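Listed below, chain by chain, are the residues.
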Protein chains: 2
Amino acid sequence: MSDVLSVDPRTGEPRERVAAESAPQDVDRAVRAAAATLPALADRAVRADLLRTAAALLEEGGEEIIATADAETALGRVRLTGELARTCYQLRAFAEVAEAGAFLDVIIDHADPDARPAPRPDLRRYKVPLGVVAVFSASNFPLAFSVPGGDTASALAAGCPVVVKAHPDHPATSVLTARALRAAAEKAGLPADVVGLVHGFSAGPELVRHPLTAAVGFTGSVRGGRALHDLAAARPRPIPFHGELGSLNPVVVTEQAAATRAAAIGAGLAASYTQGLGQFCVKPGLVLLPAGAAGDAVLDAVVTATVPAGPLLDPRMRAAFLDGVRSRAALPGVAQALAAGEDEAAPLAVRPGVLTVAAGQLAAGTHAELLEECFGPVTVVARYGSEAERDAVLGTLPGNLTATVHLGAGEREGAAAGLVARLAGLAGRVVVDGWPTGVTVAPAMQHGGPYPASTSTSTSVGSTAIERWLRPVCFQDTPDALLPPELREDNPLGVPRRVDGVA
Amino acid sequence: MSDVLSVDPRTGEPRERVAAESAPQDVDRAVRAAAATLPALADRAVRADLLRTAAALLEEGGEEIIATADAETALGRVRLTGELARTCYQLRAFAEVAEAGAFLDVIIDHADPDARPAPRPDLRRYKVPLGVVAVFSASNFPLAFSVPGGDTASALAAGCPVVVKAHPDHPATSVLTARALRAAAEKAGLPADVVGLVHGFSAGPELVRHPLTAAVGFTGSVRGGRALHDLAAARPRPIPFHGELGSLNPVVVTEQAAATRAAAIGAGLAASYTQGLGQFCVKPGLVLLPAGAAGDAVLDAVVTATVPAGPLLDPRMRAAFLDGVRSRAALPGVAQALAAGEDEAAPLAVRPGVLTVAAGQLAAGTHAELLEECFGPVTVVARYGSEAERDAVLGTLPGNLTATVHLGAGEREGAAAGLVARLAGLAGRVVVDGWPTGVTVAPAMQHGGPYPASTSTSTSVGSTAIERWLRPVCFQDTPDALLPPELREDNPLGVPRRVDGVA
């Protein structure tokens, strides 16, 4: 059995042996143990207690968690402190979602013997948890999209036990945070196995193929995510695979915006594409910038404002980044406004970079690689000579998590509505005069978009993320005392309901 | 190019040549033409007008439609008259759903610069149509689950154009009803191509693989549905596949129910398993009946009340039914309480049948075939000697559309709640003291269940069926005038919204 090691990306040296890679029987044991806890999770108030206790325990252990996560990821204490706060906020937000019960989507239609075209029986529908959810941690968010992250929080809120596949970039953080979640479960009177943890590459497919796994939440690469998606679809009993895979996150800067806000837009873009050293699923990877002087000023500001080098999460990621930049820079017509590349600051350090290309060339279909995500601190600036050129590029784009537009002051009404609508066709979230990095945890958030951004139409951030782990069940002509309490006539739990068409 | 023929199942003779099978270029043309109508469907009021006009035109042409459907399917004028009424009701119900706009699921979170853990931008989310929906007609419902059926109605209500794959058992009805829908579109000021129609076996895969197809609605067999599901998942860009495949629809009769209502339960079961000659996705295919005298009385009543022979929809279906009954009857321990089989009333006629087996034998795992749907008028009665035996059978069942229980008067509270909860784990709809056949079109309906009942967690009947064809989009910090009207601050269209947590 191989060892799972925690590695310091600042030195490239192993920090400690965390665990053994999970063998097939370990995965089987974890899934079975999780499945056995399903009945214990039936009470929404207990789930809320679990989630709030988890937040409290993560905060209590915050110092060690942040230090460990920083040692494994080099993401920095400031960023990780913010990520822990976000993670705890998210756990508490899902506690409220679980308590409020709107997600149960209760619909009651009373019997109507006179209904046309046929008499209607008494029908009462709500949603029940699917079962064990397999969660795949993300490399780039050791907390918010990993063991205690949004997939776990939303699944537990829905009443689903979770088995998390730890990411090899932060196994020690995974163990620490899983321990906090399991302790929280016990404090809430639940079995610790409502959250399980497995390690190692082969544990992923094992987890997806396990007969008791009922759904999957994944955040990661297109290649890895697609392979697991295909496994989920090929099972004897296919299961929902909610994957967030890859996104270019296009940004459009209009002529008017460039002419009036070059410095601010340039600085904002520099900060956004290098945030977390570009290791964000919502990193702006393609910028449509007007040709000419106003666009030049934006480009200059980007280059000037770009921050220095830093270490990426792991050597594989660094190699992919350097290869990706190299092959893109070698394409005909592509120039390096700022040369990304190796750096000697640390073994895994890289320097951020900006590539440029003419929009006309990009739209011609010969530069497909520029339309794929390159994970890390690089962005491609495509210069357009006309709106037609700009729109031709938009017409070639795959699905995205986000699409952003920077407008001039005179463009806040009128024709720009067409551009905004066009961007909405490309992405799950449209951002105006801002940056896609920073995904707010809020009911209205949509973090997901057309493939390859997501493999489903769901979101992985925000209250509606809970919808992924549920299925509706309808009870017909069922005596009140035999109904789940959420559906009884007198609504003893006070859940929101739509009764005979009235909410 | 092969001819598409309409065949009379009462005689086995071709009635007429309806069309040519669609070639790949015909499918491509239909999907492209449908996709081009997407912008025209943007207005919900126009969609409602289309759906209501379609209902009116189907009623106007009702006589011809019913006569044609009866001539092609032998389902009978009474049943088809009811099915047309149901279909028109469904179209009008979705017109109301489209107008009301609750399905848009509008959530607005206003900006909050003081929000913790991070300032919140203005976020506004609603749902947009996915694009062209491919609809696969069902053999057994030439209207309600075919061209003008629930998939089409819900997709159009969502704003999605539709291309329907006609079922070979009723091509003439398909052409007639497609003509009505296309005429309705033109009356509503829409392009006729919001609804397209294709014919022929190879048109199915072509439709699922087409790059502009955005989602699939399917009603049919496990084999056909699974093959298309796998195609949808294997596309370069996978798309949602909402398939309703197969269901055993177990029925449990308690000892107390059998002891007190044997005649009524037997008659009800006979009517339910032979309704539409057993060609219903919700046909009760497995009945758990107590061993002993009370159960015997139910079984006698079933046999006595079973109606005479009739023609199935097509020769392939008849052969599969006869083979299915034959191989099941040959299993050790299986007896024929009523022998299903061939009949000379008509070339495609069959006689209904009832098979019996001991529950203990069924639970042993050696009789897997009895746990698969056998399409047509046959049901399997498993006699249980104890609740443990009964529950052991329930523990071996795959997913179902429905699960039914008949209770005694003294079981309307107490321990039966556990049985009802157990059935809810097996199916999308639980029916108490009734029969699964007859799927009410109502907001609370759930017509879908764990695989193989469905390939997704959605429903194909009832208002929430519209959710299948939508994806959420969130607008961040977008000027009011650039927002879609549904999300503007003053709510000009008056759609239901959840604003800052308040509905």
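What counts and what doesn't
Residues numbered from 1 in each chain as written. Chains lettered and ligands numbered in written order. Predicted model: local features only at pLDDT ≥ 70, side-chain atom pairs only at ≥ 80, totals over all residues. Heavy atoms only, no water. Least-squares fit on C-alpha atoms with pLDDT ≥ 70 in both. Contact = heavy atoms within 4.5 Å. UniProt positions renumbered as here; feature names shortened; annotations may be inferred. Helix = DSSP H or I, 4+ residues; strand = E, 2+ residues; numbered from the N terminus. Phe/Tyr/Trp six-rings, centres within 6.5 Å; stacked < 30°, edge-to-face > 60°. Buried < 20%, exposed > 50% of the residue type's maximum accessible area, 1.4 Å probe, protein only. Lys NZ or Arg CZ within 6 Å of the ring centre and 35° of its normal. Pairing = 2+ DSSP bridges. Axes fitted to C-alpha atoms, helices over the stretch in contact; angles between N-to-C directions.

Under the annotation held in an unreviewed UniProt entry, chain A carries the name Aldehyde dehydrogenase family protein and is attributed to Nonomuraea spiralis.

Enquirer: Would you take a moment to explain the relation of the copies chain A and chain B for this structure?
Expert: The two chain copies are connected by a rotation around an axis plus a translation along it. Relative to chain B, chain A is turned by 180° and slid 0.0 Å along the rotation axis, the superposed coordinates differing by an RMSD of 0.0 Å. Put plainly, the chains are arranged around a two-fold axis. It is A233 of chain A whose C-alpha, among those of chain A, lies nearest the rotation axis, at 3.2 Å. Of the residues that chain A buries at the interface, 100% are likewise interface residues in chain B, meaning the two copies contact each other through the same surface.

Enquirer: Help me understand the UniProt feature "domain: Aldehyde dehydrogenase" (unreviewed entry) in chain A in this model?
Expert: Feature annotation in UniProt places "domain: Aldehyde dehydrogenase" (unreviewed entry) on residues 6-390 of chain A, given in this structure's numbering. Taken end to end, residues 6-390 of chain A has its terminal C-alpha atoms 45 Å apart, with 44% of it in helix and 21% in strand.

Enquirer: Please explain the packing of aromatic side chains as it appears in this structure.
Expert: What characterises a pair of aromatic rings is the spacing of the ring centres plus the angle enclosed by the ring planes. A complete count under the given rule lists 10 aromatic pairs over all chains for this structure. Considering the side-chain rings of F136 of chain B and F218 of chain B, the 5.7 Å spacing of their centres and the 50° angle between planes classify their relative orientation as tilted. On the criterion of sequence distance, the pair formed by F136 of chain B in strand 5 (residues 132-136) and F218 of chain B in strand 8 (residues 213-219) is long-range, its members being 82 residues apart. With relative accessibility at 4%, the residue F136 of chain B sits in the buried group. Put simply, the rings of F136, F218 and F241 of chain A pair up and form one aromatic cluster. A cation over a ring is seen here: R79 of chain A above F141 of chain A, with NZ or CZ 4.6 Å from the ring centre.

Enquirer: Just checking my understanding: could you explain the sheet that holds strand 13 (residues 335-338) of chain B for this structure?
Expert: Hydrogen bonds between backbone groups are what pair the strands of a sheet, and the pairing can be parallel or antiparallel. One open sheet holds the 11 strands; their spatial order is 21(A)-3(A)-4(A)-20(A)-19(B)-18(B)-10(B)-11(B)-17(B)-16(B)-13(B), and the pairing between them is mixed. Only two strands of the sheet have a single neighbouring strand rather than two, namely strand 21 (497-499) of chain A together with strand 13 of chain B. Along the sheet, successive strands turn relative to each other by an average axial angle of 20°, direction set aside. Looking at chain direction, strand 13 of chain B and strand 16 (residues 353-358) of chain B are connected through 3 bridges and run antiparallel. When the sheet's bridge partners are listed, L338 of chain B is paired in strand 16 of chain B with V354 of chain B.

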